[in-house]
Amino acid sequence: MLANISTDQIKDILKEKDLRVTYQRILIFHELFISNEHPTAEMIYEKLKIDHPMLSLGTVYKTLDCFYH
């Protein structure tokens, strides 16, 4: 497994890429960073919705889309 990444590091990366820093983006970025696999949006959503029930699958898709552009 990869080493952990801090919230401040994630914020810096998002700002560097001219992306708005949001709580959801931080959560999703962190989940991608710690994953040992290439997770789908559904896999990320299923992991995060347990502790963050207000997160939507649509938000995960939109966030992943902005990360890859």
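Parameters at a glance
Just so you know, the residues in each chain are numbered from 1, in the order the chain's sequence is written. Predicted model: local features are reported for residues with pLDDT of at least 70 only, side-chain atom pairs are reported and counted for 80 or more only, and whole-chain, interface and lining totals are derived from all residues. Calculated side-chain values reflect all of the structure's heavy atoms, with hydrogen atoms and water omitted. The rule is simple: take the accessible area with a 1.4 Å probe, protein chains only, and divide by the maximum for that residue type; under 20% is buried, over 50% is exposed, in between is partly exposed. Secondary structure follows DSSP: runs of H or I at least 4 residues long count as helices, runs of E at least 2 residues long count as strands, and numbering of each begins at the N terminus. Each C-beta atom gives one direction from the helix axis, and the arc is the one those directions make. Between two residues, a contact is recorded if the distance between any of their heavy atoms is within 4.5 Å. For our purposes a nonpolar core is just a set of buried Ala, Val, Leu, Ile, Met, Phe, Trp, Tyr and Cys residues, chained together by side-chain atoms within 4.5 Å. Here a helix's expected span is defined as the number of its residues, less one, multiplied by 1.5 Å. All axes are obtained by fitting lines to C-alpha atoms, using only the stretch in contact for helices, and the reported angles, taken between N-to-C directions, cover 0 to 180 degrees. Small angles under 35 degrees read as roughly parallel and large ones over 145 as roughly antiparallel, with 65 to 115 read as roughly perpendicular and the rest as oblique. Under the scheme applied here, ten amino acids are nonpolar (Ala, Val, Leu, Ile, Met, Phe, Trp, Tyr, Cys and Pro), four are charged (Asp, Glu, Lys and Arg), and all others, including Gly, are polar.

A.B. asks: How would you summarise helix α3 (residues 41–48) if you had to cite specific residues and measurements?
C.D. replies: Among the residues of α3, Ala41, Ile44, Tyr45 and Leu48 are the ones counted as buried. Around the axis of α3, the buried residues are gathered within 100° of arc, so they sit on the same side. Those residues of α3 that are buried lie in contact with α2 (23–34) and α4 (57–67).

A.B. asks: Quick one: what's the story with the nonpolar core, residue by residue and with numbers?
C.D. replies: Judged by nonpolar contacts, the single largest core of 17 residues is most densely connected at Ile28, Val60, Leu64 and Phe67. Counting only elements with at least two residues in this core, the list comes to α1 (7–16), α2, α3 and α4.

A.B. asks: Describe α2, listing the residues and the values that go with them.
C.D. replies: Between the first and last C-alpha of α2 there are 17 Å, a value that for 12 residues agrees with the 16 Å anticipated at 1.5 Å per step. Every buried residue belonging to α2 is among Arg25, Ile26, Leu27, Ile28, Phe29 and Glu31, and all of these are buried. On its buried face, α2 sits against α1, α3 and α4.

A.B. asks: A description of the packing of α2 against α4 should follow, citing residues and the corresponding values.
C.D. replies: Where α2 meets α4, the axes come as close as 10 Å, and the angle between the chain directions of the two elements is 70°. Relative to α4, the element α2 lies roughly perpendicular. Here Gln24, Arg25, Ile28, Phe29 and Leu32 of α2 lie close against α4, whose contacting residues are Thr59, Val60, Thr63, Leu64, Cys66 and Phe67. Of the residues that constitute the contact of α2 with α4, the class distribution is seven nonpolar, three polar and one charged.

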